[in-house]
Amino acid sequence: MNLSKSRFIKGMQCQKLLWLLTHKKEALSEPDMQQTERFSVGEDVGILACELFPKGARIHFCDGISYNAKRTKELLDSGTNVIYEATFIYEGIVVMVDILQNTPQGLIINEVKSSTSLKEVYIYDLSVQHYVITHCGYSIKEANLIHLNTDYKRGKSLDLTRLFVSVPCLESVQEFTPKIPTILSDFSEILETKNEPNIDIGLHCDNPYSCEAKSYCWEAQRNITEEDSVFNLAWLNGDKKLGLYRQGIARFSDIKDIDSLNYKQQLQIECFKNKSVHIQKDKIKEFLGSLSYPIYHLDFETFQPAVPRFVGTCAYEQIPFQFSLHIQHKDGKLEHKEFLAKSGIDPRVELIQTLLDSIPPNAFILAYNASFEKGVITRLAASFPQYEKELLHIASQIEDLMYPFAARHYYHYKQNGSHSIKVVLPALVPQMESAYQELSLVHNGGEAMECFATLESKPKKEQEEYRQALLAYCKLDTLAMVEIIKALEKLVG
């Protein structure tokens, strides 16, 4: 059986996925931009962790698996202390160890992850390495997971000994490893069959990773993307949705005991059934009456570098690099202010100063999902005490435009249970239905985050193109808020 470590992990998640990888690869989705970026981050973190074990010999993947396994043996036999990507093969199973230490008492396996904690799947990862290496005739002294430490705040320079945490896992690995022969036998049996395994969807489709066969299993095979799918039912967790599905309740029309659902779920079903829009004019009037003009519509964009880049930040800390501010006056006049940081430097102080210059002390501020904007400002206040008073005052002034939609004072059947601005906008303001799709290069917050994080590495001309795209995207987010207010005012007269 030809099986890599990564395929073993995929088989542990779902044996159908393993079969598709072997027999029907065209059913699998290509990694999207966010997944590709996560892979890249993982590689970068892995390379950085190697500096904890300097002067090691590196095995290069491009040299070929057989050669790499032979080269690994040669290095071990010659007494090389540290090997990066050490490669071993046993009965067609290939493992590559991120960082292998060679000691007189035995080998030490170090698996590096860009995560911030130990997860069960990492024990599977270490265990298959342990299984293959021991069957190659070596003794294992330790098996460790090395991950990022979110308690570490960066100083002027990066302290790798504090950035990373090493978790001993040998005991857990030794408990799991004896199960591997049975698992491999099951894998072999399922891979030998010509028939696609009949494995139903479940929580495993997103645990521990989002499966690349999900579109195939959910959409192509089960048509679960339909608007009336129970998986689109709001305010119901995934386990309960799967429970309904397994009872044969796949569509709204299959739900017999509708009274068991909450008000918002019943409203969603009723609006879908009648293709209707629910409007509570009195509640919307009450919300609009609470607004004070001019309204300062605020939106931040942030990025979360795995390895802290700036003094005082930790792994995956949200760093704001951009904001858009549309100022809506009662007479219809509209002003726009914006900030986009230069790449490669800490953007926070300049962002703070520009924000404080742009918003007067007693401004009425609106954000969509205000907890995010408040969180950004509160963290800035904690990091820069000299601006704490002014920033916390701004945070206290922010109200949430999402409220009437989350409370279902307005609900359009096209929202499919969501009250995200990306679905509310086209439902409430049809002329802006394609606004985000028509943007160039950056269409959502995830793309904005990844774009800014990698901006420095792009050619100068491309950098400017992406900067313009970032400005256009963030500007649209606050313009959308303006248009939503106008549409609500029109609804209630």
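Quantities reported herein were computed from a predicted structural model and do not represent experimental measurements. (Residues numbered from 1 in each chain as written. Predicted model: local features only at pLDDT ≥ 70, side-chain atom pairs only at ≥ 80, totals over all residues. Heavy atoms only, no water.)

Peer 1: In this structure, what is going on with the layout of surface pockets? I would like to understand it.
Peer 2: One way to see where empty space is left: roll a probe the size of a water molecule over the atoms. Put simply, the second largest pocket is a space of about 360 Å³. Taken together, 20 residues make up the lining of the second largest pocket; nearest its centre are D299, F300, Y368, F372 and D477. When residues of the lining of the second largest pocket are traced back to their parent elements, those giving at least two are strand 9 (295-303), helix 14 (370-383), helix 17 (421-428), helix 18 (445-453) and helix 19 (460-492). For the lining of the second largest pocket, the element with the most residues is strand 9, which contributes five residues. When grouped by side-chain class, the residues that make up the lining of the second largest pocket number nine nonpolar, six polar and five charged. (1 Å grid on protein atoms, 1.4 Å probe; cavity = no way out; pocket = protein on both sides within 12 Å on 5 of 7 lines; lining within 4 Å. Points joined across faces, edges and corners; volume = space filled by probe spheres on them. Helix = DSSP H or I, 4+ residues; strand = E, 2+ residues; numbered from the N terminus. Nonpolar A, V, L, I, M, F, W, Y, C, P; charged D, E, K, R; others polar.)

Peer 1: Help me understand empty space enclosed by the protein in this model?
Peer 2: Applying the stated criterion across every chain yields a total of two cavities of 30 Å³ or more. Taken together, 14 residues form the lining of the largest cavity, with C14, H204, C205, C211 and C217 sitting closest to its centre. Contributing elements (two or more residues each) for the lining of the largest cavity: helix 2 (15-23) and helix 9 (214-220). Class assignment of the residues belonging to the lining of the largest cavity gives a composition of eight nonpolar, two polar and four charged. Volume-wise, the second largest cavity comes out at about 50 Å³. Along its surface, the second largest cavity is lined by E317, Q318, P320, R348, V376, R379, L380 and S383. Residue contributions to the lining of the second largest cavity peak at four residues, all from helix 14.

Peer 1: I would appreciate a short explanation of the side chain of H326 in the present structure.
Peer 2: Structurally, the position occupied by H326 is in strand 10 (residues 319-328). A relative accessible area of 4% means that H326 is categorised as buried. At a separation of 3.4 Å, a polar atom in the side chain of H326 contacts the main-chain amide nitrogen of L479. Sequence-distant contacts of H326, that is, excluding residues within four places in its chain, are made with I295, Y296, H297, L334, E335, H336, K475, T478, L479 and V482. (Buried < 20%, exposed > 50% of the residue type's maximum accessible area, 1.4 Å probe, protein only. Polar contact = N/O pair within 3.5 Å; in protein donor to acceptor, adjacent residues only side chain to side chain. Contact = heavy atoms within 4.5 Å.)

Peer 1: When you look at the side chain of T103 in this model, what are you seeing that I'm missing?
Peer 2: Among the structural elements, T103 can be located in strand 4 (residues 93-103). A polar contact is formed between the side chain of T103 and the backbone oxygen of G106, at a distance of 2.5 Å. Setting aside residues up to four positions removed in sequence, T103 forms contacts with I108 and K141.

Peer 1: Would you mind showing me how to read the environment of K460 here?
Peer 2: Examined against the element boundaries, K460 turns out to sit in helix 19. C-alpha separation for the pair K460 and I394, spaced 66 residues apart in sequence, amounts to 36 Å.

Peer 1: Can you help me understand the sheet that holds strand 11 (residues 334-340) in this one?
Peer 2: Sheet strands line up and pair through hydrogen bonds in the backbone, either parallel or antiparallel. Judged by pairing direction, the sheet is mixed, and its five strands sit side by side in the order 11-10-9-12-13 without closing on themselves. Two strands close off the open sheet at either side, each with one partner strand: strand 11 and strand 13 (398-400). This sheet shows a mean twist of 30° between the axes of neighbouring strands, independent of strand direction. Direction of pairing for strand 9 relative to strand 12 (residues 364-367): parallel, over a ladder of three bridges. (Pairing = 2+ DSSP bridges. Axes fitted to C-alpha atoms, helices over the stretch in contact; angles between N-to-C directions.)

Peer 1: What should I look at first to understand the packing of aromatic side chains in this one?
Peer 2: Here a ring pair, both rings aromatic, is described through the centre-centre distance and the interplanar angle of the planes. Inspection of every chain in the model, using the stated rule, returns 15 aromatic pairs. The interplanar angle of 75° and the centroid separation of 5.7 Å between the aromatic rings of F88 and Y138 together place this pair among those described as edge-to-face. Placement of the pair is F88 in strand 3 (residues 82-90) and Y138 in the loop between helix 5 (120-135) and strand 6 (140-148), with a sequence separation of 50 residues. Each ring, one from F300 and one from F323, has its centre 6.4 Å from the other, and the planes form 80°; the classification is edge-to-face. (Phe/Tyr/Trp six-rings, centres within 6.5 Å; stacked < 30°, edge-to-face > 60°.)

Peer 1: Looking at this model, I keep getting lost on helix 18. Mind explaining?
Peer 2: Owing to its 3.6 residues per turn, the α-helix aligns residues three or four sequence positions apart on the same side. Of all nine residues making up helix 18, seven are buried, and the element is well covered by its neighbours. Within helix 18, burial applies to G446, E447, A448, E450, C451, F452 and A453. Here the buried face of helix 18 lies against helix 3 (33-49), strand 9, strand 10, strand 11 and helix 19. Near the N-terminus of helix 18, the side chain that reaches the backbone nitrogen of G446, with its oxygen 3.1 Å away, is that of N444.

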